[in-house]
Amino acid sequence: QSNAKIADTFNDKPLESEQQILDSNWYEYGGGSIYLEDIGCHFMVSRVIYSKVHAKNDPYMSFLSFQLLNKDFEPIEKEIDFQVRPTSPSSLNSNKTISFPTIGFVPDMYFKKSNSRKDRYYGPEDPRILIKTTIYEFYHQETLIETRKYEEPIIIFNMMTDNEFKYYRLMHAYLPFQGKKIVFQ
């Protein structure tokens, strides 16, 4: 996507200060969280929207926001190296580093096809979060030598698709530790 297209999308004139732009054009909806035992924190996902017309009920595009919360549900600013899928007992297989808070999933396609209202709502909407727990067992000569448990959030949401899916609004899943998006057809 060209820089001109991106610049036009975020044309916030006549607003001038960053605070004016945040207060007038950016909004956050409530979210959901799961507790990750491995890091002792809640992983929260919420929907953040950008509105060109300064209205929470008239979004131009949406994003997923990720936050870590402590046991008292207070935000934590932290960088975490998440590990997924070991290949051997000695491997750590660091998969992804995420700095919190952050804007998570940014869709491949955002820009409206026309000025029609129905063509404007791009990005993830109505996120829900689940936890996927995977147990890895490592054996040597039929003897269990190690067991590891890995937890990963799965974020489910609906989103407008691109021309590959005929611009339908479909359900998606996103695995943030793997950076993997799945479209349900």
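Every value quoted in this text rests on a predicted model; they were computed, and no experiment measured them. (Residues numbered from 1 in each chain as written. Predicted model: local features only at pLDDT ≥ 70, side-chain atom pairs only at ≥ 80, totals over all residues. Heavy atoms only, no water.)

Caption draft 1: Highlighting the overall build of the protein chain. Helix and strand counts for the protein chain stand at two helices and 11 strands. Sequence-ordered secondary structure for the protein chain, helices as α and strands as β, is α-α-β-β-β-β-β-β-β-β-β-β-β. Within the span of the protein chain, comprising 185 residues, buried residues form 41% of the whole. Within the protein chain, residue pairs in contact and separated by at least 24 positions form 51% of the contacts whose partners lie at least 6 positions apart. Carbon and sulfur atoms make up 49% of the accessible area of the protein chain, which amounts to about 10900 Å² in all. (Helix = DSSP H or I, 4+ residues; strand = E, 2+ residues; numbered from the N terminus. Buried < 20%, exposed > 50% of the residue type's maximum accessible area, 1.4 Å probe, protein only. Contact = heavy atoms within 4.5 Å. Areas by Shrake-Rupley, 256 points an atom, 1.4 Å probe, with all protein chains shown as cover.)

Caption draft 2: Structural context of the pattern of salt bridges. Applying the stated criterion across every chain, the model contains six salt bridges. The salt bridge involving Glu125 is made with Arg169; its shortest N-O contact spans 3.6 Å. Taken together, the residues span a long stretch of sequence, with Glu125 in strand 8 (residues 125–140) and Arg169 in strand 10 (residues 169–175) at a distance of 44 residues. Classification of Glu125 by relative accessible area gives buried; the value is 12%. Residue Arg169 is classed as partly exposed on the basis of its relative accessible area of 34%. One salt bridge in this structure joins Lys149 and Glu151, with 3.8 Å as the shortest N-O distance. Taking relative accessible area as the criterion, Glu151 reaches 8% and is therefore assigned buried. What emerges from the salt-bridge pattern is a single network uniting Glu37, Lys149 and Glu151. (Salt bridge = Lys/Arg side-chain N within 4 Å of Asp/Glu carboxyl O.)

Caption draft 3: Structural detail: a nonpolar patch on the surface. On the surface, Met171, Ile182 and Phe184 cluster together into a nonpolar patch covering about 240 Å² of accessible area. Mapping Met171 onto the fold places it in strand 10. (Patch = residues over 30% accessible without salt bridge, like charges linked within 9 Å, V, L, I, M, F, W, Y side chains within 5 Å.)

Caption draft 4: Molecular detail of the environment of Glu37. Along the chain, the position of Glu37 falls in the loop between strand 1 (26–36) and strand 2 (41–50). Taking the C-alpha atoms as reference points, Glu37 and Lys149, 112 residues apart in sequence, are found 9.9 Å from one another. Glu37 has contacts with Lys149 and Glu151, leaving out every residue within four places of it along the chain. At 3.4 Å, the side chain of Glu37 and the side chain of Lys149 are in polar contact. (Polar contact = N/O pair within 3.5 Å; in protein donor to acceptor, adjacent residues only side chain to side chain.)

Caption draft 5: Layout of the environment of Tyr150. As for its placement among the helices and strands, Tyr150 is situated in strand 9 (residues 143–160). For Tyr150, a relative accessible area of 10% corresponds to the buried category. A C-alpha to C-alpha distance of 8.0 Å links Tyr150 and Tyr136, two positions 14 residues apart in sequence. A distance of 3.2 Å separates a polar atom in the side chain of Tyr150 from a polar atom in the side chain of Arg148.

Caption draft 6: Broad picture of the nonpolar core. In terms of nonpolar packing, the biggest core is built from 18 residues, with Phe43, Phe66, Phe100 and Ile155 touching the most fellow members. For this core, the secondary structure elements donating two or more residues are strand 1, strand 2, strand 3 (61–69), strand 5 (78–83), strand 6 (94–100) and strand 9. Once residues lying within four places of it in the same chain are set aside, the contact partners of Phe100 are Phe43, Phe66, Gln67, Leu68, Ile76, Glu77, Lys78, Ile80 and Phe82. (Core = buried A, V, L, I, M, F, W, Y, C linked by side-chain atoms within 4.5 Å.)

Caption draft 7: Structural view of the pairing of strand 2. Buried residues dominate strand 2, accounting for 10 of its 10 residues. The alternating pattern of strand 2 places Cys41, Phe43, Val45, Arg47 and Ile49 and His42, Met44, Ser46, Val48 and Tyr50 on opposite faces, both of which are buried. Strand direction decides the pairing type here: strand 1 and strand 2, joined by nine bridges, are antiparallel. Counterpart to Gly31 in the pairing with strand 2 is Ser46. Two successive antiparallel strands, strand 1 and strand 2, enclose a turn made up of four residues, where Gly40 displays a positive phi of approximately 65 degrees. Bridge analysis of strand 2 against strand 3 gives nine bridges, and the strand direction is antiparallel. (Pairing = 2+ DSSP bridges.)

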